[in-house]
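A look at the structure
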Amino acid sequence: MDEIKNELFYQQKNGYDVINPKDRAALEDYAADYMTFLDAARTEREAVREAVALAEAAGFRPLTEDHPGIQPGEKVYYVNRGKSLLLAVGGKRPLADGAVIAAAHIDSPRLDLKQIPLYEDSELAYLRTHYYGGIKKYQWTAIPLELHGVVSLRSGETVDVVIGRDADDPQFVITDLLPHLAADQMGKTGSKLIEGEKLCLLAGSVPYAGEGSDRVKLAVMSLLNDRYGIVEEDFISAELEVVPAFPVRELGIDRSLIGGYGQDDRVCAYAELAAILETEAPECTAVCILADKEEIGSEGVTGMRSAAFERFMERLIGGTCSVQACFSKSLCISADVTAALDPLYAEVSEKQNSAKINYGVGLCKFTGARGKSGASDASAELVGYIRRLCAENGVLWQMCELGKVDQGGGGTVAMFMAQRDIDTIDAGVPVLSMHAPFETTSKLDCYMTYKCVKAAYDA
């Protein structure tokens with residue numbers, strides 16, 4: 001009976017029980033490089049800058065408006081308004097035969113400064129925020145925070161702002177109520193513990209010398225003016241993001257895990273990027289998309305719904321076929337994270353179909369919520385192809401879904417790729433504490449996601 005079970009049953013194994021010594025060493029090197037990238041890429045703009053530097057070092061060059069069409073082995077990239085990035089390596093076969101596309105996003109849940117953020121109350125200066133994406137608001141109080149972004153000045157000049165990253169920089173905090181006075185607060189539901197309008201950064205306490213009102217606000221504004229040339233009106237044309245100040249670290253006594261902010265979805269974005277940087281002469285053209293705005297529905301000119309992707313592909317095609325003809329023959333891996341089974345909260349997951357830490361890249365036939373709403377739902381044939389691809393290339397994988405059927409769910413860019421008539425499947429890294437200021441992933445799962453994308457590019 002045991003022999004028949006081994007032959008007929010689907011049996012999952014912990015990756016560390018089956019991984020070969022070569023991959024064991026390689027995943028440590030990969031994890032170190034990924035952690036360096038993640039620590040430097042705190043926002044989507046910074047992720048683009050870091051990715052472009054790595055791409056240019058690997059021989060990629062900007063794609064021009066009059067590009068005649070990509071040639072075999074040619075490496076090009078296109079930066080969309082500083083907040084999303086597309087890269088490609090020309091394939092041996094024409095784009096009429098399709099492309100192999102991997103799409104991830106580089107935006108993460110955070111707090112954005114409001115357009116008129118600075119105010120004073122009780123001789124303390126604050127910066128008002130508006131949260132971006134799905135967060136638990138209470139997780140953002142009483143932790144060290146940084147401010148990153150750009151300000152477009154009245155003169156037309158754009159200045160970069162980073163406060164809190166350097167060791168000698170000041171940082172920010174959103175204060176919380178002490179337990180001794182929190183009886184009313186603790187009686188509220190989790191979504192009401194902290195109101196959105198109370199997510200205000202403490203920005204200063206020393207008044208400007210002299211008499212009058214708003215002296216602390218004036219002192220803070222004066223310091224910003226000295227450092228960046230900013231006046232208060234310039235906040236109106238600014239994109240300033242509040243992100244956690246935690247450094248990226250190895251976790252666990254065995255150092256098998258990675259902890260850091262923004263792993264949803266820069267962990268998959270880096271896997272795609274690392275894979276395409278190592279791709280030299282693929283059969284079909286390899287395309288890597290690092291998109292913006294996924295956390296708020298992939299909207300806007302830098303999101304996955306934008307026509308910027310079509311324009312990029314048109315220039316790669318160079319008139320040899322229609323974009324629609326290329327898309328109909330293409331394959332897309334929507335590389336986004338999935339929820340890892342957390343035994344502390346096992347009640348929200350159906351264990352048989354949940355991703356586990358250290359079991360490899362998580363393949364999701366569908367995402368969505370309650371009845372597969374918002375999913376692209378990959379075909380059986382596409383899932384079968386990815387299974388075979390992983391098996392043939394030593395990629396450890398697992399099939400999974402995002403929580404119990406009636407519990408909730410989530411979406412990715414997959415449905416927007418599928419709407420373009422591109423066969424699409426979700427594949428990504430399982431994450432613990434997803435959307436928290438400090439998320440956790442497994443080194444092994446990160447590495448296997450990279451190997452999955454690389455195998456697709458090389459197929």
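Here the residue numbers are simple positions, counted from 1 along each chain's written sequence. pLDDT decides what is reported in this predicted model: residues at 70 or higher carry local features, side-chain atom pairs at 80 or more are listed and counted, and totals for whole chains, interfaces and linings draw on all residues regardless. In computing side-chain properties, one takes all heavy atoms of the structure into account and sets aside hydrogens as well as water.

Moving on, we get to the nonpolar core. Ranked by internal contacts, the top residues of the largest apolar core, which has 66 residues, are Y30, Y34, F60, L85, L87, I276 and Y457. Apart from residues no more than four positions distant in its own chain, F60 is found in contact with A55, K75, V76, Y77, L87, A88, V89, I276 and L277. Of all hydrophobic cores here, the second largest spans 32 residues; its members include L111, L201, F235 and V243. The set of buried Ala, Val, Leu, Ile, Met, Phe, Trp, Tyr and Cys residues whose side-chain atoms join them within 4.5 Å is what this entry labels a nonpolar core. The classification of residues rests on relative accessible area computed with a 1.4 Å probe and restricted to protein chains. Under 20% of the type maximum is buried, over 50% is exposed, and intermediate values are partly exposed. By definition, residues are in contact when any of their heavy atoms lie within 4.5 Å.

What follows is about the pattern of salt bridges. Side-chain pairing between opposite charges can occur once the charged atoms of the two side chains come close. Each salt bridge in this description consists of a side-chain nitrogen of Lys or Arg and a carboxyl oxygen of Asp or Glu lying within 4 Å of one another. This structure, assessed with the given rule, holds 27 salt bridges. The salt bridge partner of K365 is D377, with a shortest N-O separation of 2.7 Å. Here K365, found in the loop between β16 (361-364) and β17 (368-369), pairs with D377, found in the loop between β17 and α10 (380-392); they are 12 residues apart in sequence, far enough to count as distant. Residue class for K365 comes out partly exposed when judged on its relative accessible area of 29%. To qualify as a helix, a DSSP run of H or I must reach at least 4 residues; to qualify as a strand, a run of E must reach at least 2; elements of each kind are numbered from the N terminus.

Ordered in space as β8-β7-β10-β5-β6-β9, the 6 strands form an open sheet in which the pairing is antiparallel. Each edge of the sheet is formed by a strand with only one pairing partner; in this case those strands are β8 (158-163) and β9 (201-204). Along the sheet, successive strands turn relative to each other by an average axial angle of 30°, direction set aside. Inspection of the sheet shows strand β7 (residues 145-152) paired to β8 by 6 bridges, in the antiparallel sense. Bridge pairing in β8 places L147 opposite I163. Angular values range over 0 to 180 degrees, each being the angle between N-to-C directions of two axes fitted as lines to C-alpha atoms, with helices fitted over their stretch in contact. In the packing of helix α6 (residues 215-228) onto the sheet, contacts are made with β5 (110-121), β6 (124-132), β8 and β9, and the angle to β8 comes to roughly 120°. Between any two strands, pairing holds if DSSP finds at least two bridges.

Note on aromatic contacts: the rings of Phe and Tyr and the six-membered ring of Trp form a pair at centre separations within 6.5 Å, being stacked when their planes are under 30 degrees apart, edge-to-face when over 60 apart, and tilted otherwise. Taken as a whole and judged by the stated rule, the model has 11 aromatic pairs. Ring centres 5.5 Å apart and planes at 55° place the aromatic pair Y30 and Y270 in the tilted group. Here Y270 lies in helix α7 (residues 263-277) and Y30 lies in helix α3 (residues 21-40), a separation of 240 residues in the sequence. A ring pair is formed by F37 and Y270, whose centres lie 5.2 Å apart and whose planes are at 40°; its orientation type is tilted. Here Y270 lies in helix α7 and F37 lies in helix α3, a separation of 233 residues in the sequence. As far as the burial class goes, F37 and Y270 line up, both buried.

So, on to α6. Take the number of residues in a helix, subtract one, and multiply by 1.5 Å to get its expected span. Across its 14 residues, α6 extends 20 Å between first and last C-alpha, which sits within 8% of the 20 Å expected from 1.5 Å per residue. As for α6, its buried residues are in contact with β5, β6, β8 and β9. In the segment just after α6, G229 is the residue with positive phi, at about 75°.

Before going further, it helps to spend a moment on the sheet that holds strand β11 (residues 249-251). By definition, the strands of a sheet pair up through backbone hydrogen bonds, in either a parallel or an antiparallel sense. Ordered by their spatial adjacency, 3 strands build an open sheet running β11-β12-β22, and the pairing between neighbours is antiparallel. Looking at the sheet topology across the chains shown, the edges are occupied by β11 and β22 (439-442). Averaged over all neighbouring strand pairs, the angle between strand axes comes to 35°, with direction disregarded. Bridge count between β11 and strand β12 (residues 257-260): 3 bridges; the pairing is antiparallel. Residue pairing across strands places E250 opposite I258, the latter belonging to β12. Its contacts with the sheet place helix α12 (residues 443-458) against β11, β12 and β22, and it is angled at close to 70° to β22.

Before going further, it helps to spend a moment on the packing of α3 against α7. Viewed as axis vectors pointing N to C, α3 and α7 meet at an angle of 125°, and their least axial separation amounts to 10 Å. Comparing the axis directions of α3 and α7 gives the class oblique. The two elements α3 and α7 cross, and the hand of that crossing is right-handed. Within the contact between the two elements, α3 uses Y30, D33, Y34, F37 and L38 and α7 uses Q263, R266, V267, Y270, A271, L273 and A274. Taken together, the residues of the contact of α3 with α7 sort by class into 9 nonpolar, 1 polar and 2 charged. Working definition: roughly parallel below 35 degrees, roughly antiparallel above 145 degrees, roughly perpendicular at 65 to 115 degrees, and oblique for all remaining angles. Should the near helix be turned anticlockwise from the far one by less than a right angle, the crossing is termed left-handed; should it be turned clockwise, right-handed. Lys, Arg, Asp and Glu make up the charged group, whereas Ala, Val, Leu, Ile, Met, Phe, Trp, Tyr, Cys and Pro make up the nonpolar group; the residues left over, Gly among them, are polar.

The next thing to look at is the pairing of β22. On β22, burial covers both faces: E439 and T441 on one face and T440 and S442 on the other are all buried. Alignment of β12 against β22, held across 4 bridges, turns out to be antiparallel. Pairing of L257 across the sheet is with S442, part of β22.

Summarising burial for strand β20 (residues 423-428): 5 of the 6 residues are buried, a large majority. Judged from the 4 bridges that link them, strand β14 (residues 331-334) and β20 form a sheet pairing that is parallel. Bridging from a neighbouring strand, S334 pairs with D426 of β20.

Moving on, we get to a nonpolar patch on the surface. Here the term patch refers to residues with relative accessible area over 30% and no salt bridge, with like charges joined within 9 Å and nonpolar side chains (Val, Leu, Ile, Met, Phe, Trp, Tyr) within 5 Å. Residue exposure ignores everything except the shown protein chains as possible cover, and the areas themselves are Shrake-Rupley values with a 1.4 Å probe. A cluster of nonpolar side chains, namely I4, L8 and F9, defines an oily patch on the protein surface of about 350 Å² accessible area. Positionally, F9 belongs in the loop between α1 (2-8) and α2 (15-18). Looking at F9, the relative accessible area reads 53%, which means it is exposed.

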